[in-house]
Amino acid sequence: MAEISGRCMCGAVTWRHQGDTTRNLNCHCDECRRGVSGAFSAVMGLSSKGFEIEGPWTDFKYSLESSRAFCPVCGTRIWFRSDLWPDEVFVNVGALDEPSDLIPEQHVLYAERVPWVHLEDDIPKSEGFQQDTDTDHPDRATIEIPNAALSGRCLCGEVSWQTDADPLWTGHCHCDSCRRATGAPFASFLCEPEDSVTWTGEQTEFASSQGRVTRRFCKTCGTHMSYATTDRPNDIDLYAASLNDPTRFKPKNHFHNDERLPWLHLDEHLPKPRPRHV
């Protein structure tokens, strides 16, 4: 039996597991999307027996049977658990010491996917949860609403944002730091003028990259909401996964493409400019 281990971004929470994996999945449901601040979640299923964790962690229960754990210091989404599968822990790819060890076996709840990610892989896709797979999955439509405000929220709804400004740029970030911070396989951002965004709710701040970067997340549910860097002091990057209307987002770039997970093939037509600081 192999040992698998992981940690949060700040290192306050560490975990290890001795044993076999149960199943590796990419989930496209709205809860997972908001939970990890990504287009979808990638999780490694582990037996509850043999799972050990050290350090402080917060478990946010968002339904009668399900909860999501995160580090209260840096906000890394660590795992998902459900009473439906009491003998399993589903660890997020960003919380793995070796994220490339997670090789997805299936896309699940693919009917709920966002329309702005066009996957180009051979991984089986199920419209429901591990149901029979199908090969016909037409793209979902995007919606054009000129001059309408953009808005978003966290998983629990306590933190929300709104802006009337058009994005300065948009794109997918594949860097290890964004993956580690959110737990998602990659992060998708829309950059806005910071003074154009209004907020409600209480957030926790976590500084990284020698203080150049500040990440904010909901202190209740752990959803990452924004990224800011001293390299661009007048900008704020918002997570597309938090959008109330996810069809309003259009990615235009890949950032840090050299750090992309090896199984992740999407939107290959988009430009891959030089890396941004993270």
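Before reading further, recall that the structure is shown in the block above.
Nothing here was measured: the structure is a model prediction, and the numbers come from that model.

Novice: Pulling in residues and values, what's your account of the sheet that holds strand β13 (residues 169-173)?
Specialist: Strand order in the open sheet formed by seven strands is β16-β17-β18-β19-β14-β13-β20, and the pairing between neighbours is mixed. Looking at strand neighbours, the two that pair on one side only are β16 (203-208) and β20 (254-255), the edges of this open sheet.

Novice: Got a sec to walk through empty space enclosed by the protein? Specific residues and values, please.
Specialist: Taken as a whole and judged by the stated rule, the model has one cavity of 30 Å³ or more. In this structure, the largest cavity occupies an estimated 40 Å³ of space. Lining the largest cavity are His28, Ala39, Phe40, Tyr110, Arg113, Val114, Val117 and Leu119. Classifying every residue of the lining of the largest cavity by side-chain character gives six nonpolar, one polar and one charged.

Novice: Now, about the sheet that holds strand β12 (residues 160-163): what can you tell me, with residues and values included?
Specialist: Taken in spatial order, the three strands line up as β11-β12-β15 in an open sheet, and their pairing is antiparallel. Looking at strand neighbours, the two that pair on one side only are β11 (150-153) and β15 (197-200), the edges of this open sheet. The average angle at which neighbouring strand axes cross in this sheet is 15°, direction not considered. Pairing between β12 and β15: four bridges, direction antiparallel. Bridge pairing in β15 places Thr163 opposite Val197.

Definitions and cut-offs
Counting from 1, residues in each chain are numbered in the order their sequence is written. In keeping with the predicted nature of the model, local features appear solely for residues at pLDDT of at least 70, side-chain atom pairs appear and are counted solely at 80 or more, and the whole-chain, interface and lining totals rest on all residues. Think of the side-chain values as coming from all heavy atoms in the structure, minus any hydrogens and water. Pairing between two strands requires that DSSP report at least two bridges joining them. Strands are runs of DSSP state E lasting at least 2 residues, helices are runs of H or I lasting at least 4, and numbering of each runs from the N terminus. Put simply, the grid is 1 Å and covers the protein atoms alone, a cavity is a trapped set of points that fit a 1.4 Å probe, a pocket is an open set with protein on both sides within 12 Å along at least five of seven lines, and lining residues have an atom within 4 Å of a point. Grid points are joined across faces, edges and corners, and a volume is the space filled by probe spheres set on the points. Gly counts as polar in this scheme, as do all residues outside two lists: the nonpolar Ala, Val, Leu, Ile, Met, Phe, Trp, Tyr, Cys and Pro, and the charged Asp, Glu, Lys and Arg. Working convention: axes come from line fits to C-alpha atoms, limited for helices to the stretch in contact. Angles between N-to-C directions cover 0 to 180 degrees.

Spatial relationships are all this shows, so hold off on functional conclusions.
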